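Each chain, written out:
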Amino acid sequence: MAGNQGNYRENPTRNEKKYKKANGQPRLKEKSSRAKSDNVCPYAKKCGGCDYQGVEYKEQLKTKQAYMKKLLKPFCFVEPIVGMKNPLYYRHKVHAAFDCTRRGQIVAGAYRKNTHDVVDIESCMIEEQESDEIIRDIKDMLRSFRIKTYDEDTGYGLLRHVLVRKGYATGQIMVVLVLASPILPSKNNFVKALRKKHPNITTVVLNVNDKKTSMVLGDRNITLYGKGFIEDKLCGCTFRISPGSFYQVNPVQTELLYEKAIHEAHLTGKERIIDAYCGTGTIGIIAAKNAGEVIGVELNRDAIRDAVINAKRNDIRNIRFYNDDAGKFMVEMAQKGEKADVVIMDPPRTGSDEAFLSSVVKLSPERVVYVSCGPETLARDLKYLTKHGYTVKRATPYDCFPFTSHIETVCCLTFQGR
Ligand code: SAH
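Residues numbered from 1 in each chain as written. Predicted model: local features only at pLDDT ≥ 70, side-chain atom pairs only at ≥ 80, totals over all residues. Heavy atoms only, no water.

**Remarks on the sheet that holds strand 13 (residues 319-323)**
Right, on to step 1. As summarised here, the arrangement of the eight strands in space is 1-16-17-15-14-11-12-13, forming an open sheet in which the pairing is mixed. Each edge of the sheet is formed by a strand with only one pairing partner; in this case those strands are strand 1 (77-78) and strand 13.
Right, on to step 2. Strand direction decides the pairing type here: strand 11 (residues 272-276) and strand 12 (residues 293-298), joined by five bridges, are parallel. Paired with Ile274 across the strands is Ile295, a residue of strand 12.
Right, on to step 3. Contacting strand 12 and strand 13, helix 7 (residues 301-313) runs over the sheet at an angle of about 170° to strand 13.
Right, on to step 4. The strands touched by helix 8 (residues 326-335) within the sheet are strand 11, strand 12, strand 13 and strand 14 (342-345), with strand 12 carrying the most contacts at an inclination of about 135°. (Pairing = 2+ DSSP bridges. Helix = DSSP H or I, 4+ residues; strand = E, 2+ residues; numbered from the N terminus. Contact = heavy atoms within 4.5 Å. Axes fitted to C-alpha atoms, helices over the stretch in contact; angles between N-to-C directions.)

**A look at the domain arrangement of the protein chain**
Right, on to step 1. Domain annotation for the protein chain reports domain 1 (1-42 + 56-89 + 250-418) and domain 2 (93-227).
Right, on to step 2. Relative to domain 2, the C-alpha centre of domain 1 lies at a distance of 30 Å. (Domains from an automatic or database assignment.)

**Concerning the UniProt feature "binding site: S-adenosyl-L-methionine" (unreviewed entry) in the protein chain**
Right, on to step 1. In the numbering used here, UniProt assigns the "binding site: S-adenosyl-L-methionine" (unreviewed entry) feature to Gln248, Tyr277, Glu298 and Asp346.
Right, on to step 2. One can find Glu298 in strand 12.
Right, on to step 3. Excluding residues within four positions of it along the chain, Glu298 makes contact with Tyr277, Cys278, Gly279, Ala303, Ile304, Tyr322, Asn323 and Asp324.
Right, on to step 4. Engagement of the side chain of Glu298 in a polar contact is seen with the backbone nitrogen of Gly279, the distance being 2.8 Å.
Right, on to step 5. Along the polypeptide, Asp346 turns up in the loop between strand 14 and helix 9 (354-363).
Right, on to step 6. A relative accessible area of 15% means that Asp346 is categorised as buried.
Right, on to step 7. Filtering out sequence-adjacent residues up to four positions away, Asp346 remains in contact with Ala276, Tyr277, Ile283 and Val371. (UniProt positions renumbered as here; feature names shortened; annotations may be inferred. Polar contact = N/O pair within 3.5 Å; in protein donor to acceptor, adjacent residues only side chain to side chain. Buried < 20%, exposed > 50% of the residue type's maximum accessible area, 1.4 Å probe, protein only.)

**Observations regarding the pairing of strand 17 (residues 408-415)**
Moving residue by residue along a regular strand, the side chains alternate between the two faces of the sheet.
Right, on to step 1. Here strand 17 lies mainly inside the structure; seven of its eight residues are buried.
Right, on to step 2. Note that strand 15 (residues 367-372) and strand 17 share six bridges and pair antiparallel. Each residue of the ladder has a partner; that of Ser372, found in strand 17, is Thr409.
Right, on to step 3. Summarising the sheet, strand 16 (residues 390-398) and strand 17 pair through eight bridges and their orientation is antiparallel. Its bridge partner being in strand 17, Ala395 is matched across the sheet by Cys411.

**Observations concerning the site of the ligand**
Right, on to step 1. Taken together, 14 residues form the shell around the ligand, and within it Tyr258, Glu298, Asp325, Ala326 and Asp346 come nearest.
Right, on to step 2. Within the side chain of Thr282, one N or O atom sits 3.3 Å away from an oxygen atom of the ligand.
Right, on to step 3. Taking Asp346, its side chain carries an N or O atom lying 2.9 Å from a nitrogen atom of the ligand.
Right, on to step 4. Burial of the ligand by the protein chains amounts to 86% of its free accessible area of 580 Å².
Right, on to step 5. When its residues are assigned to classes, the shell around the ligand shows seven nonpolar, three polar and four charged. (Near = heavy atom within 4 Å. Areas by Shrake-Rupley, 256 points an atom, 1.4 Å probe, with all protein chains shown as cover. Nonpolar A, V, L, I, M, F, W, Y, C, P; charged D, E, K, R; others polar.)

**With respect to the nonpolar core**
Within soluble globular proteins, side chains that are nonpolar tend to cluster in buried spots.
Right, on to step 1. Formed by 60 residues in total, the largest nonpolar core has its most connected members in Leu267, Ile273, Ile285 and Phe321.
Right, on to step 2. Of all the elements, helix 6 (residues 282-288) adds the most residues to this core, at five residues.
Right, on to step 3. A domain split of this core shows at least three residues from each of domain 1 (1-42 + 56-89 + 250-418) and domain 2 (93-227).
Right, on to step 4. What Leu267 contacts, discounting residues up to four positions off in sequence, is Ile262, Ile273, Ala287, Asn290, Ala291 and Val342. (Core = buried A, V, L, I, M, F, W, Y, C linked by side-chain atoms within 4.5 Å.)

**Points about the sheet that holds strand 8 (residues 220-225)**
Right, on to step 1. Taken together, seven strands build an open sheet; the order of strands is 4-3-2-5-6-7-8 and the sheet is mixed. Unpaired on one side and paired on the other, strand 4 (118-120) and strand 8 mark the two borders of the sheet. Within the sheet, the average angular offset between the axes of one strand and its neighbour, ignoring direction, is 35°.
Right, on to step 2. Two elements, strand 6 (residues 173-179) and strand 7 (residues 201-208), share seven bridges in a ladder whose sense is parallel. Note on strand 7: the bridge partner recorded for Val176 is Val205.
Right, on to step 3. Sheet strands touched by helix 4 (residues 187-197): strand 6, strand 7 and strand 8. Its angle to strand 8, the strand with the most contacts, is close to 65°.

Put into structure tokens, the structure is as follows:
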């Protein structure tokens, strides 16, 4: 159930595998660095979620720090990685794939590494515990409600995945049942029975995914109970989380990460900021309180819809959102001769592109704050920016994904002139 950051399955596609191989994640060098911890997850060898199971947390942080230091050596000083006080049960988005074995046993959990075989997981050490319990209970309820799991090979059956999101600050819980068809027999009784076991569930959504695809979610959402979304709070602002919108999975670290990103923007209340790859508008909305004006740009239409609602919800009026490709949008801004004082960019793992980066150089904002979830693409993009007039002041890694090899980084760049 772990390790899935987006609307994708756990196991990488062929392209993702190639990408991983070419770029190399921070792997532990020697087997001996795997401490003989008693705390090893029983699914460690089977499940594709955690690469660092059995490794002491201190050692994990050391490995990530050393990796970032080496990777960013040509550019800047790397501040000490910000780790977690308690690195367990941090994921507030929990996803389980459902399947049925040949013997007819229903299984729910993560995919075995590099396969589509579902590893039956009772509880996971990095997932929020109530969310895990909900998935366990759904698994137990399926038989009495005569709900069949979906079979990828034959296309028969109904339930494909379950997604649970819990608001860290609000405690609100959203359960998304991903079905191959919009019809869930005795849906009202199912929801009633589930809510009886878990009264904290505030909304249940049926997501229809009837395609042969490796995406978890389909396009259509039908609300079975509640509002169809939950809310959570970060850095004093309230955000709506819909089934498909991106929202960081580790709320404790996200708050620190966003605070740092905004701190690095050095806002005085007058600046014009571009929040690129803005998702549901989180960073821009938090920053807007201390800025003159914020422009958010994001490719995903649902995320932009949430961003507009989020701005209203927080009574932020000095922000505008655009549903567009960030690169294309920036090229147009540069062509129009628009100005920006700060660009905050938070691209996906694949990083930014030359259209975007070359327009940043044209606009030449005094500061660029690069929030990255892909260290190698960060290094690639820094190479471009430093060749074209920017200096990297510092980079601060954040451990948002303990027990996995993923690293988030906040990087601060300033314009020195062409
Ligand atoms: N800043 C947000 C989201 C970061 S995730 C947050 O902290 O929550 C990266 C975002 O980039 C996703 O929302 C994704 O939909 C968006 N994205 C991916 N490619 C893009 C592109 N070419 N142009 C604009 N946005 C893009």
